[in-house]
Amino acid sequence: MTSEKKLPPLVIGNLKIPIPIIQGGMGIRISTAPLVSAVSNNGGMGILASVTLGESEPDFKTNYVEANSRALRKEIKKIKEMTDRPFGVNIMCMLSDYESLVEVCKEEKIAAIFSGAGLPSNLPELLDGIDIKKVPIVSSAKAANLICKIWDKKYSTIPDALVVEGPKAGGHLGFKMEQLNQYNDDDEKGTSAIDLDNILKDVLEIIIKFEEKYNRKIPVIAAGGIFTGKDIARVMNFGVSGVQMGTRFVCTVECDVSDTFKQTYINSSKEDIKIIMSPLGYPGRVILNPFMKRVLEIDKIKTACSFRCIKNCKADKVNFCIAKALLAAQKGNMEDGLVFCGENAHRVTEILTVPALMQELVNEAEIFYKHKPEKSLYRDTIK
């Protein structure tokens, strides 16, 4: 293996991640301390998902905001005991306790906040004067341009990095259902407007003006459907600085979910993976399990919601409580549990350790990675 083919580190300002792999933040309680610390310890960057962490706190149902903040702080401290390397926290913009969770991260001095499911328009204000990397998650060049313009105009700053998530991602997706229905997953030419490669190209073009104005790079991190080392090399050869992966990390020894949850991935077929309309009003990719079959067969599953994890939750109108369903699945209850996944979940065949998975991905990526000039293939074409 020649040195010029070695994958470059992911550099976000003064933060250097030796292996340019971000483990996606997966809620609810999928990416917690054991997984996050293992990824960071093995050269990548682990991401803790903050949503509904307080479920194990005794006052979760009566004191939702404080219980979640307390649990987040505990989990961050646990990660710090398990690794001295950088890690991040994923905080969805739609969370009703968004500001409180950001405040905990601020106080605990974590390395980065990754924020999607909406635009984190006021994140610079919440982190004013604090060196925590601010990384919006977007699904289009339009959204990337908008968040850069808002931050530029209101706060005289730009994102420290951008995660660009394509249509093959797991969980909630940043696309309209009609876009996903039209998307041809087998289109080798990548002609769809929402094909990840096309979105990456557009984002890389759009951010140039902001990079030039602030004289610093906005690293772009590709996400959604990245499954193998070859996939990593392919998008990095386009000019992105790193990748974010979720699905591959679910079936690791260190992932703190039940074996039943992991086996749902391993036992799934391509036909089992469906896109549904989530109670939150977003399309979501799931595995067809006993619970999802019930959801699809009846109009509404009777449930009561004693908390409001989402700002605009209409608990009396939705057909099921997604938080309860995700918590049930995490514990292995597939009769009442919803399992989110990426499009490639059916390709998972075994449970690996994080070190073994990271080594596999790096070894393959370095075979296909092309040494290139500092400017990306896309950016060289921009006048």
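Just so it is clear, the structure is predicted and the values come from calculations on it, not from any experiment.

Undergrad: Any chance you could explain the overall build of the protein chain here in plain terms?
TA: Helix and strand content of the protein chain: 14 helices and 13 strands. Evaluated residue by residue, the protein chain yields a buried proportion of 58% over its 383 residues. In the protein chain, once contacts between residues fewer than 6 apart in sequence are set aside, the share between residues at least 24 apart is 67%.

Undergrad: It is not clear to me how helix H3 (residues 98-108) should be interpreted in this structure. Could you clarify?
TA: Owing to its 3.6 residues per turn, the α-helix aligns residues three or four sequence positions apart on the same side. Taken together, the buried positions of H3 are Tyr98, Leu101, Val102, Val104, Cys105 and Glu108. All buried residues of H3 project into a common sector of 155 degrees when viewed along the axis, lining one side. On the buried face of H3, the contacting elements are helix H2 (64-82), strand S5 (87-90), strand S6 (112-115) and helix H4 (123-126). Two residues or fewer after H3 comes Lys109, characterised by a positive phi angle close to 55 degrees.

Undergrad: Looking at this model, I keep getting lost on the packing of helix H9 (residues 229-238) against helix H14 (residues 354-368). Mind explaining?
TA: The description of two packed helices rests on the angle between their axes and on the distance between the axes. At a closest axis distance of 7 Å, the pairing of H9 and H14 adopts a crossing angle of 45 degrees. Taken together, the axis directions place H9 and H14 in an arrangement best described as oblique. The handedness of the crossing between H9 and H14 comes out as right-handed. Between H9 and H14, the contacting residues are Gly229, Lys230, Ile232, Ala233 and Asn237 on the first element and Leu361, Glu364, Ala365 and Phe368 on the second. Counted by class, the contact of H9 with H14 contains five nonpolar, two polar and two charged residues.

Undergrad: In this structure, what is going on with the environment of Val362? I would like to understand it.
TA: Structurally, Val362 can be placed in helix H14. Residues Val362 and Ile19, 343 residues apart in the sequence, show an inter-C-alpha distance of 7.9 Å. Setting aside anything within four residues of it in sequence, one finds Val362 in contact with Leu7 and Ile19.

Undergrad: Even after reading the chapter, I still don't get the packing of aromatic side chains, so can you show me in this structure?
TA: The final tally for this structure, using the stated rule, is two aromatic pairs. With a centroid separation of 5.4 Å and an interplanar angle of 50 degrees, the aromatic rings of Phe60 and Tyr64 are classed as tilted. Like Phe60, the residue Tyr64 is buried in the burial classification. Here Arg248 stacks its cationic end above the ring of Phe227, 4.5 Å away from the centre of that ring.

Undergrad: For this particular structure, what's the right way to read the sheet that holds strand S12 (residues 273-277)?
TA: Hydrogen bonding along the main chain pairs the strands of a sheet, whether they run parallel or antiparallel. Here three strands make up an open sheet; going across it, the order is S9-S13-S12 and the pairing antiparallel. Looking at strand neighbours, the two that pair on one side only are strand S9 (171-172) and S12, the edges of this open sheet. As judged from the five bridges shared by S12 and strand S13 (residues 283-287), these two strands associate in the antiparallel manner. The residue bridging Ile276 from the neighbouring strand is Gly284, located in S13.

Undergrad: Could you clarify how one ought to interpret the sheet that holds strand S11 (residues 242-245) in this entry?
TA: With parallel pairing, eight strands are arranged side by side in an open sheet as S3-S11-S10-S8-S7-S6-S5-S4. Across the chains shown, the open sheet's two edge strands, defined by having one partner strand only, are strand S3 (21-23) and strand S4 (46-49). Ignoring which end each strand starts from, the neighbouring axes of this sheet average 25 degrees apart. As judged from the three bridges shared by S5 and S6, these two strands associate in the parallel manner. Across the sheet, residue Val89 finds its bridge partner in S6, namely Ile113. Taken strand by strand, helix H1 (residues 33-41) contacts S3, S4 and S5, and its axis lies near 165 degrees from that of S4. In the packing of H9 onto the sheet, contacts are made with S3, strand S10 (220-223) and S11, and the angle to S11 comes to roughly 140 degrees.

Undergrad: Would you take a moment to explain the pairing of S5 for this structure?
TA: Within a regular beta strand, the side chains point alternately toward one face of the sheet and then the other, so they alternate between its two faces. Residues Phe87 and Val89 point to one face of S5 and Gly88 and Asn90 to the other, with burial holding for every one of them. Following the backbone out of S4, through H2 and into the adjacent parallel S5, one traces a crossover that is right-handed. For the crossover from S5 across H3 to S6, the handedness is right-handed.

Undergrad: Just checking my understanding: could you explain the packing of H1 against H2 for this structure?
TA: Closest axis-to-axis distance for the H1/H2 pair is 9 Å, and the angle between their directions is 40 degrees. Judged on the interaxial angle alone, H2 and H1 are oblique. Crossing handedness for the pair H1 and H2: right-handed. Across the interface between the two elements, Ala33, Pro34, Val36, Ser37 and Asn41 from H1 touch Glu75, Lys78, Ile79 and Met82 from H2.

Undergrad: What's the story with helix H11 (residues 259-267) in this structure? I'm lost.
TA: The complete set of buried residues in H11 reads Phe261, Lys262, Thr264, Tyr265 and Ile266. Residues of H11 that are buried make contact with helix H10 (247-250), S13 and helix H13 (322-330).

Undergrad: Would you explain the pattern of salt bridges in this entry?
TA: Opposite charge on two side chains lets them pair, provided their charged atoms get close. Taken as a whole and assessed by the stated rule, the structure comprises 18 salt bridges. Salt-bridge contacts for Asp59 lead to Arg70; the nearest nitrogen and oxygen are separated by 2.9 Å. Of this pair, Asp59 sits in the loop between S4 and H2 while Arg70 is found in helix H2, placing the two residues 11 residues apart along the sequence. Arg216 is paired through a salt bridge with Asp160; the nearest N and O atoms lie 3.6 Å apart. Note that Arg216 is positioned in the loop between helix H8 (208-214) and S10 and Asp160 in the loop between helix H5 (141-155) and strand S8 (162-165), a separation of 56 residues in sequence. Salt bridges linked by common partners bring Arg73, Lys77, Lys80, Glu107 and Glu108 together as one network.

Rules used throughout
Residues numbered from 1 in each chain as written. Predicted model: local features only at pLDDT ≥ 70, side-chain atom pairs only at ≥ 80, totals over all residues. Heavy atoms only, no water. Helix = DSSP H or I, 4+ residues; strand = E, 2+ residues; numbered from the N terminus. Buried < 20%, exposed > 50% of the residue type's maximum accessible area, 1.4 Å probe, protein only. Contact = heavy atoms within 4.5 Å. Arc of directions from axis to C-beta. Axes fitted to C-alpha atoms, helices over the stretch in contact; angles between N-to-C directions. Parallel < 35°, antiparallel > 145°, perpendicular 65-115°, else oblique. Left-handed = near helix turned anticlockwise from the far one by under 90°. Nonpolar A, V, L, I, M, F, W, Y, C, P; charged D, E, K, R; others polar. Phe/Tyr/Trp six-rings, centres within 6.5 Å; stacked < 30°, edge-to-face > 60°. Lys NZ or Arg CZ within 6 Å of the ring centre and 35° of its normal. Pairing = 2+ DSSP bridges. Right-handed = clockwise from strand over helix to strand, strands pointing away. Salt bridge = Lys/Arg side-chain N within 4 Å of Asp/Glu carboxyl O.

Nothing here speaks to function; it is all geometry.
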